[in-house]
Amino acid sequence: MDTTGIKYVVKGDGPTLVLVHGFPFDKRIWKEQVDGLADIARVYAIDLPGFGQSAPLPMSVAPSIDSYADAIASWVREMGLERKIVLAGHSMGGYVALEFARQYADMLAGLVLISTRPGPDTKVAKENRRRLAEDVRMRGPLAVVVAMLTKLFAAGTVGRDPGLADRLRDIMMQQSNDAIIRALHSMAARPGRASVLRRIKVPVLAIAGNEDAVIPSTEAGGMAARVPKSRRKLTIIEGVGHMPMMENPGEFNAALRDFLPRS
Ligand code: MLT
């Protein structure tokens, strides 16, 4: 029975890989991973509550990153996934993945942190999110497209594949105001989670593009450095911005292939 309302696509067989999108996207950003890694893993790409086709969280649940992590844990249980999962989170999805690792370590076989950071928002960032939430209430997802789209890809990506920005714009424009606003409040309220990395007992891969204009790739190095040496990997992809899974799926998938446990 579907009680969590989380929708997903799944392909392949092998170790379980669960892909969690960032803000304000949905599972479609992982198309190249679902198709490109299905020969070595059972790849799930999920929609976070309220995004894509997933049901929103009840209004009685306060906006928080924890609530998304809880929803994923309930979904994993509901799906009866037999194996521990490798959880891969992009940006806001990385905040969720870190929170999941803090609360549900026993469900994890590995953690992949993509174009993300472990620290909380600054005062200025919180205020910007509050303003953007107001703007979304008035203008809808277009407000986020205007604020974010030009920062998401490296200049070289746009030159090479101009259609990519249209593809992502469409995904952003299809998200609901409520989901976007809830996510903005959730991100603004999140505490720092760097300490999770020091205590982590499973392998961790940090991935970032060296031209990320949203979250600098130095954050990936900083996250990896906190993980005990024997369990950490770091991949910085050259010439790529905030969306490495779309901008250079070849190198991105190669890093995941190298990281995923053999079945
Ligand atoms: C994302 O891509 O999920 C967001 O840009 C993350 C953020 O705004 O902190």
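That block above? That's the structure.
Residues numbered from 1 in each chain as written. Predicted model: local features only at pLDDT ≥ 70, side-chain atom pairs only at ≥ 80, totals over all residues. Heavy atoms only, no water.

Draft legend 1. The packing of helix H4 (residues 123-139) against helix H8 (residues 177-189), seen in detail. At their nearest, the axes of H4 and H8 sit 9 Å apart, and the two run at 170° to each other. Comparing the axis directions of H4 and H8 gives the class roughly antiparallel. Facing Lys-126, Arg-129, Leu-132, Ala-133, Val-136 and Arg-137 of H4, the residues of H8 in contact are Asn-177, Ile-180, Ile-181, Leu-184, His-185, Met-187 and Ala-188. Residues that form the contact of H4 with H8 fall into these classes: eight nonpolar, two polar and three charged. (Axes fitted to C-alpha atoms, helices over the stretch in contact; angles between N-to-C directions. Helix = DSSP H or I, 4+ residues; strand = E, 2+ residues; numbered from the N terminus. Parallel < 35°, antiparallel > 145°, perpendicular 65-115°, else oblique. Contact = heavy atoms within 4.5 Å. Nonpolar A, V, L, I, M, F, W, Y, C, P; charged D, E, K, R; others polar.)

Draft legend 2. A look at unusual backbone geometry. Going from Phe-23 to Pro-24, the amide bond is cis rather than trans, its omega being -10°. Position of Pro-24 among the secondary structure elements: in the loop between strand S2 (16-20) and helix H1 (31-36). Unlike most non-glycine residues, Ser-91 shows phi in positive territory, near 55°. Note that Ser-91 resides in the loop between strand S4 (85-90) and helix H3 (92-103). With a relative accessible area of 8%, Ser-91 lands in the buried category. Of note, Ser-115 is a non-glycine position whose phi angle comes to about 45°, a positive value. Of note, Ser-115 is situated in the loop between strand S5 (108-114) and H4. (Buried < 20%, exposed > 50% of the residue type's maximum accessible area, 1.4 Å probe, protein only.)

Draft legend 3. Main features of the layout of surface pockets. Approximately 580 Å³ is the volume found for the largest pocket. Around the largest pocket sit 25 residues that line it, and Ala-125, Arg-129, Met-148, Lys-151 and Val-214 are the ones nearest its centre. Counting only elements with at least two residues in the lining of the largest pocket, the list comes to H3, H4, helix H5 (142-152) and H8. Looking at the lining of the largest pocket residue by residue, the class counts come to 15 nonpolar, four polar and six charged. The space that makes up the second largest pocket amounts to roughly 240 Å³. As for the second largest pocket, its lining consists of 14 residues, of which Leu-57, Met-59, Asp-178, Ala-179 and Arg-182 are closest to the centre. If you tally residues by element for the lining of the second largest pocket, the top one is H8, at five residues. (1 Å grid on protein atoms, 1.4 Å probe; cavity = no way out; pocket = protein on both sides within 12 Å on 5 of 7 lines; lining within 4 Å. Points joined across faces, edges and corners; volume = space filled by probe spheres on them.)

Draft legend 4. Local environment of the side chain of Glu-247. Secondary-structure assignment places Glu-247 in helix H11 (residues 244-247). Here Glu-247 occupies a buried position and makes no salt bridge, while the nearest side chain of opposite charge, Arg-160, is found at 5.6 Å. Polar contacts involving the side chain of Glu-247 include one to the main-chain amide nitrogen of His-242, which spans 3.4 Å. The contact partners of Glu-247, leaving out residues within four places of it in the chain, are Leu-152, Phe-153, Ala-154, Thr-157, Arg-160, Leu-164, Val-240, Gly-241 and His-242. (Lys, Arg positive; Asp, Glu negative; His and termini not counted. Salt bridge = Lys/Arg side-chain N within 4 Å of Asp/Glu carboxyl O. Polar contact = N/O pair within 3.5 Å; in protein donor to acceptor, adjacent residues only side chain to side chain.)

Draft legend 5. Representation of the packing of aromatic side chains. Counting across every chain of the model gives five aromatic pairs. Note on Tyr-8 and Trp-75: the rings are 5.5 Å apart at their centroids and 65° apart in plane angle, and the pair reads as edge-to-face. Taken together, the residues span a long stretch of sequence, with Tyr-8 in strand S1 (residues 8-11) and Trp-75 in helix H2 (residues 65-79) at a distance of 67 residues. In this structure Tyr-8 comes out as partly exposed when scored by relative accessible area, which is 33%. What makes Trp-75 buried here is its relative accessible area of 1%. Three or more aromatic residues link up through ring pairs in this structure, and these residues are Tyr-8, Tyr-44 and Trp-75. Over the face of the ring belonging to Tyr-95 we find Arg-190, whose NZ or CZ atom lies 3.8 Å from the ring centre. (Phe/Tyr/Trp six-rings, centres within 6.5 Å; stacked < 30°, edge-to-face > 60°. Lys NZ or Arg CZ within 6 Å of the ring centre and 35° of its normal.)

Draft legend 6. Summary view of a positive patch on the surface. Taken together, the side chains of Arg-198, Arg-199, Lys-201 and Arg-226 present a region of like positive charge at the surface. The residue Arg-198 is located in helix H9 (residues 194-199) in this model. (Patch = residues over 30% accessible without salt bridge, like charges linked within 9 Å, V, L, I, M, F, W, Y side chains within 5 Å. Areas by Shrake-Rupley, 256 points an atom, 1.4 Å probe, with all protein chains shown as cover. Charge placed at Lys NZ, Arg CZ, Asp CG, Glu CD.)

Draft legend 7. Structural view of the sheet that holds S1. Read from one edge to the other, the open sheet built from seven strands follows the order S1-S3-S2-S4-S5-S6-S7, with strand pairing classed as mixed. Among the strands making up the open sheet, the edge pair consists of S1 and strand S7 (232-237). Each strand of the sheet is rotated relative to its neighbour by a mean of 15°, with strand direction disregarded. Direction of pairing for S2 relative to strand S3 (residues 42-46): parallel, over a ladder of five bridges. When the bridges of S3 are listed, Leu-19 appears paired with Ala-45. Sheet strands in contact with H3 are S2, S4 and S5, and its direction is about 145° off that of S4. Contacts from helix H12 (residues 249-259) reach S4, S5, strand S6 (204-209) and S7 within the one sheet, and its direction differs from that of S6 by about 170°. (Pairing = 2+ DSSP bridges.)

Draft legend 8. Focus on the pattern of salt bridges. Scanning all chains against the criterion turns up 16 salt bridges. Asp-35 is the salt-bridge partner of Lys-11, the closest N and O atoms lying 3.0 Å from each other. Here Lys-11, found in strand S1, pairs with Asp-35, found in helix H1; they are 24 residues apart in sequence, far enough to count as distant. We classify Lys-11 as partly exposed; its relative accessible area is 38%. Note on Asp-35: relative accessible area 39%, which makes it partly exposed. What you see here is one network of salt bridges that share partners, running through Glu-127, Arg-130, Arg-131 and Glu-134.

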